[in-house]
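So the chains spell out like this:
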Amino acid sequence: MTVTAPPVAPPTGRTAASRAGSSGAGRSGAVAWMVLPALLLFLVFGVVPLVGVLVLSFTQWDGLGPIHTAGLANWKSVLTDSQLPHSILVTFEIMILSWAVQTPMSLLLGTFLAGRQRYRAFLAVLYFIPLLLSSAAIAITYKALLDPNFGLGPGLKLGFLTQDWLGRNNLAIGVVIFIVSWQFIPFHSLIYQGGVRQIPTTMYEAASIDGAGRIRQFFSITVPQLKYTIITSSTLMVVGSLTFFDLIFVLTAGGPGDATRVLALDMYKRGFMSNQMGPASVIASLIVLLGLALALILRRLGGSTTASQQEGA
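Notes on the structure follow.

## Examining the overall build of the chain
Across its full length, the chain holds 13 helices and two strands. Burial status across the chain gives 34% buried among its 313 residues. Partitioning the contacts of the chain with sequence separation of at least 6, the portion at a separation of at least 24 is 68%. A total of about 18,900 Å² of accessible surface is found on the chain, and carbon and sulfur atoms cover 69% of it.

This is how it looks when you write it as structure tokens:
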């Protein structure tokens, strides 16, 4: 005699929902545990030093002796110092001009390197070399090459290169912008290269069928589809330019005069050359506030990232 087992009733909706909820909660808990180490590192090396600098800006300290409370004296002295507007102006000048040079060059190189030809992979590696070099080493090299007596110009007997590049205000600013662009264009080109490769090829195929050439495709498809990539790259450029220090310190030390004295260099000179840690901490706090404000402005200009876009499809 054959005995058949009774049919198993399917799980009720409440049971299935509870199982799904428990599995979802388990995954969320696992993700939370994986995030904790990174969050701890951020708190220790990011938030705590930032709070310490903010507290230090309200004190008087020479870096070695005891710390004394100074109230708002440091903020008043820094904000009323005639040197601060000049440092901010130089910082924004280098920021805007370097962005204006890096963005179109990086966009063009990234679009070019997004091709599938084999030689473009070699070019991508070649273009990436400047980013691997130390900023201090790059500054020393360019300082030697641009020397008006023993540099590249006198060696090759090229008159237009035989100038006091680092001794004249406008030329020094131009040299800083050129070197910064030369060093960081490869990084941003890599960002644009990845963005271009995520654009669906069907859009270019449809444009070709409609008779659009490469230039028309670039301005009508590539640039609009890279909207958020441009915002991301611009944010990195703008916020990163606030912390330019080692290259300018080695190359010009803020000179000639104070022509290249940016905020980061001003902070260093106040803190480690004049032993005024309080005013230096005020400038550090201002740099953080400017970076946050500029990042929020660029995010607002970019609009919501949840808007419909083909990039990354």
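## What to know about the packing of helix α12 (residues 263-273) against helix α13 (residues 277-302)
The contact between α12 and α13 brings their axes to 7 Å, and the two run at 160 degrees. With respect to each other, α12 and α13 are oriented roughly antiparallel. Seen along the crossing, α12 lies across α13 with a hand that is left-handed. Only M277, P279, A280, I283, A284, I287 and L290 of α13 make contact with α12, whose side of the interface consists of L263, A264, D266, M267, R270, G271 and F272. Residues of the contact of α12 with α13, tallied by class, amount to 11 nonpolar, one polar and two charged.

## Considerations on a nonpolar patch on the surface
Judged by side-chain polarity, V31, W33, M34, V35, L36, L39, L40, L41, F42, L43, V44 and F45 come together as a nonpolar surface patch covering roughly 1,300 Å² of accessible area. Summarising the element assignment, L36 is placed in helix α1 (residues 13-56).

## Some remarks on unusual backbone geometry
G255 connects to P256 through a cis peptide bond whose omega is 0 degrees. Residue position: P256 is located in the loop between α11 (246-251) and α12. With a phi close to 55 degrees, A253 is a non-glycine residue in the positive phi region. For A253, the position within the fold is in the loop between α11 and α12. Taking relative accessible area as the criterion, A253 reaches 35% and is therefore assigned partly exposed.

## Here's the deal with α12
The set of residues buried in α12 consists of L263, A264, L265, D266, K269, R270 and G271. Elements that come into contact with the buried residues of α12 comprise α2 (73-79), α3 (83-113), α11 and α13. Trailing α12 by a residue or two, N275 shows a phi angle of about 55 degrees, which is positive.

## Here's the deal with the nonpolar core
By size, the foremost hydrophobic cluster in this structure holds 20 residues, and its most contacted members are I94, I179, I248 and L251. Elements represented by at least two residues in this core include exactly α3, α5 (135-145), α7 (169-197) and α11. Ranked by residues supplied to this core, first place goes to α7 with seven residues. Every residue in contact with I94, bar those within four places of it in the chain, is listed here: I173, V176, I177, F244, I248 and V262. Judged by nonpolar contacts, the second largest core, of 13 residues, contains L84, L242, L286 and L294.

Basis of the calculations
- Residues numbered from 1 in each chain as written.
- Predicted model: local features only at pLDDT ≥ 70, side-chain atom pairs only at ≥ 80, totals over all residues.
- Heavy atoms only, no water.
- Helix = DSSP H or I, 4+ residues; strand = E, 2+ residues; numbered from the N terminus.
- Buried < 20%, exposed > 50% of the residue type's maximum accessible area, 1.4 Å probe, protein only.
- Contact = heavy atoms within 4.5 Å.
- Areas by Shrake-Rupley, 256 points an atom, 1.4 Å probe, with all protein chains shown as cover.
- Axes fitted to C-alpha atoms, helices over the stretch in contact; angles between N-to-C directions.
- Parallel < 35°, antiparallel > 145°, perpendicular 65-115°, else oblique.
- Left-handed = near helix turned anticlockwise from the far one by under 90°.
- Nonpolar A, V, L, I, M, F, W, Y, C, P; charged D, E, K, R; others polar.
- Patch = residues over 30% accessible without salt bridge, like charges linked within 9 Å, V, L, I, M, F, W, Y side chains within 5 Å.
- Salt bridge = Lys/Arg side-chain N within 4 Å of Asp/Glu carboxyl O.
- Core = buried A, V, L, I, M, F, W, Y, C linked by side-chain atoms within 4.5 Å.

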